[in-house]
Amino acid sequence: MPSLSWKSSFLHQGFGNVGSWAAQLLSEQGAKIVAVSDITGAIKNSSGIDITSLLNHVNESRGVKGFSGGDSIDPNSILVEDCDILIPAALGGVINRDSAKDIKAKFIIEAANHPTDPEADEILSKKGVVVLPDILANSGGVTVSYFEWVQNIQGFMWDEDKVNAELKTYMTKGFKDVKEMCKTHNCDLRMGAFSLGVNRVAKATLLRGWEA
Ligand SMILES: NC(=O)C1=CN([C@@H]2O[C@H](COP(=O)(O)OP(=O)(O)OC[C@H]3O[C@@H](n4cnc5c(N)ncnc54)[C@H](O)[C@@H]3O)[C@@H](O)[C@H]2O)C=CC1
Ligand SMILES: O=C(O)CCC(=O)C(=O)O
């Protein structure tokens, strides 16, 4: 498996709720974000984009277009720029037969829902690209929505530190469980995550007394 560190270079398609927060949190850890795109355009800076300045620019200009801390590039080529880790955080279906063959990233973190279609999955697998699937990679949002529901029914309020600590516990366990599934069944992370999810739903359905 290719190696990964916080010093790896990242590339983001999409700089909305998901993409901009991912970029902020990664850059706080020392990650180098080398290209970012949104609906207005795309920018690249191989030395690393200053994410705080980019956020200020996006707040003022409503998009990454015109940001002076990088060179403007063709938004259509963003997915295939040089990088270690690609984060599609905009639309579904963008990693397809046409784009997959030219992707240079060694890892893809699916922040958007369903960014990779099945044909692309096969191409990426043959190239040795590791894909962290949407169902796992972007499940933090819906997990915190679950925490909100839990607090609401108890009439209780957690502070931010408590939310983050609980989230870390759930996400770390989720990742370990998926990895275990992959090891047991010799499958990729997407198959591992789906198998685990389907098994859990099936088990819960039986426990509730709903038989097929
Ligand atoms: N907001 C959330 O809590 C969660 C969102 N997601 C998924 O993440 C993805 C993004 O969601 P949000 O960030 O909430 O949406 P958003 O609307 O806040 O941001 C979308 C971003 O994608 C960009 N974009 C749109 N079309 C584009 C194009 N053709 N090329 C490049 N960039 C383009 C927009 O300019 C914007 O920066 C969606 O697939 C969503 O389903 C997944 C889990 C949680
Ligand atoms: O806020 C949530 O419940 C998560 C939303 C989500 O997962 C999504 O937009 O795909």
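Residues numbered from 1 in each chain as written. Chains lettered and ligands numbered in written order. Predicted model: local features only at pLDDT ≥ 70, side-chain atom pairs only at ≥ 80, totals over all residues. Heavy atoms only, no water.

Taken together, the neighbourhood of ligand 1 is formed by 16 residues, with Phe15, Asn17, Val18, Ile39 and Asn113 sitting nearest. Gly16 places a polar main-chain atom, nitrogen or oxygen, 3.1 Å from an oxygen atom of ligand 1. Asn17 is positioned such that a nitrogen or oxygen atom in its backbone is 2.9 Å from an oxygen atom of ligand 1. Protein chains bury 64% of the 830 Å² of accessible surface belonging to ligand 1 in isolation. Elements that contribute at least two residues to the shell around ligand 1 include exactly α1 (17-28) and β2 (32-38). Within the shell around ligand 1, the residues separate by chemical class into 8 nonpolar, 7 polar and 1 charged. (Near = heavy atom within 4 Å. Polar contact = N/O pair within 3.5 Å; in protein donor to acceptor, adjacent residues only side chain to side chain. Areas by Shrake-Rupley, 256 points an atom, 1.4 Å probe, with all protein chains shown as cover. Helix = DSSP H or I, 4+ residues; strand = E, 2+ residues; numbered from the N terminus. Nonpolar A, V, L, I, M, F, W, Y, C, P; charged D, E, K, R; others polar.)

The biggest cluster of nonpolar side chains holds 28 residues, and the ones touching the most others in it are Phe15, Val36, Ile51 and Leu54. Going through the elements one at a time, α1, β2, α2 (51-61), β5 (85-88), α7 (160-185) and α8 (189-207) are the ones with two or more residues in this core. Among the elements that line this core, the one with the most residues is α2, at 4 residues. When residues of this core are assigned to domains, at least three map to each of domain 1 (9-136) and domain 2 (140-207). Ignoring sequence-local partners within four residues, the contact set of Phe15 consists of Ser20, Ala23, Val36, Ser37, Asp38, Ile51, Leu54, Leu55, Val58 and Val64. Counting residues in each nonpolar core, the second largest holds 19 residues, with Ala35, Leu86, Val94 and Ala100 among its members. (Core = buried A, V, L, I, M, F, W, Y, C linked by side-chain atoms within 4.5 Å. Buried < 20%, exposed > 50% of the residue type's maximum accessible area, 1.4 Å probe, protein only. Domains from an automatic or database assignment. Contact = heavy atoms within 4.5 Å.)

For the protein chain, the domain assignment lists domain 1 (9-136) and domain 2 (140-207). A C-alpha centroid distance of 25 Å is found between domain 1 and domain 2. Between domain 1 and domain 2, the residue contacts involve 10 residues of the former and 8 residues of the latter. At the surface where domain 1 touches domain 2, the tally comes to 3 salt bridges. Between Asp121 and Arg190 there is a salt bridge, and its shortest N-O distance comes to 2.6 Å. (Salt bridge = Lys/Arg side-chain N within 4 Å of Asp/Glu carboxyl O.)

Let us look at the sheet that holds strand β7 (residues 130-132). Strand order in the open sheet formed by 7 strands is β4-β3-β2-β1-β5-β6-β7, and the pairing between neighbours is mixed. The outermost strands of the open sheet, each flanked by one partner alone, are β4 (71-73) and β7. Averaged over neighbouring strand pairs, the angle between their axes works out to 20° when direction is ignored. Looking at chain direction, strand β1 (residues 9-13) and β2 are connected through 5 bridges and run parallel. Note that in β2 the partner of Ser9 across the bridge is Lys32. (Pairing = 2+ DSSP bridges. Axes fitted to C-alpha atoms, helices over the stretch in contact; angles between N-to-C directions.)

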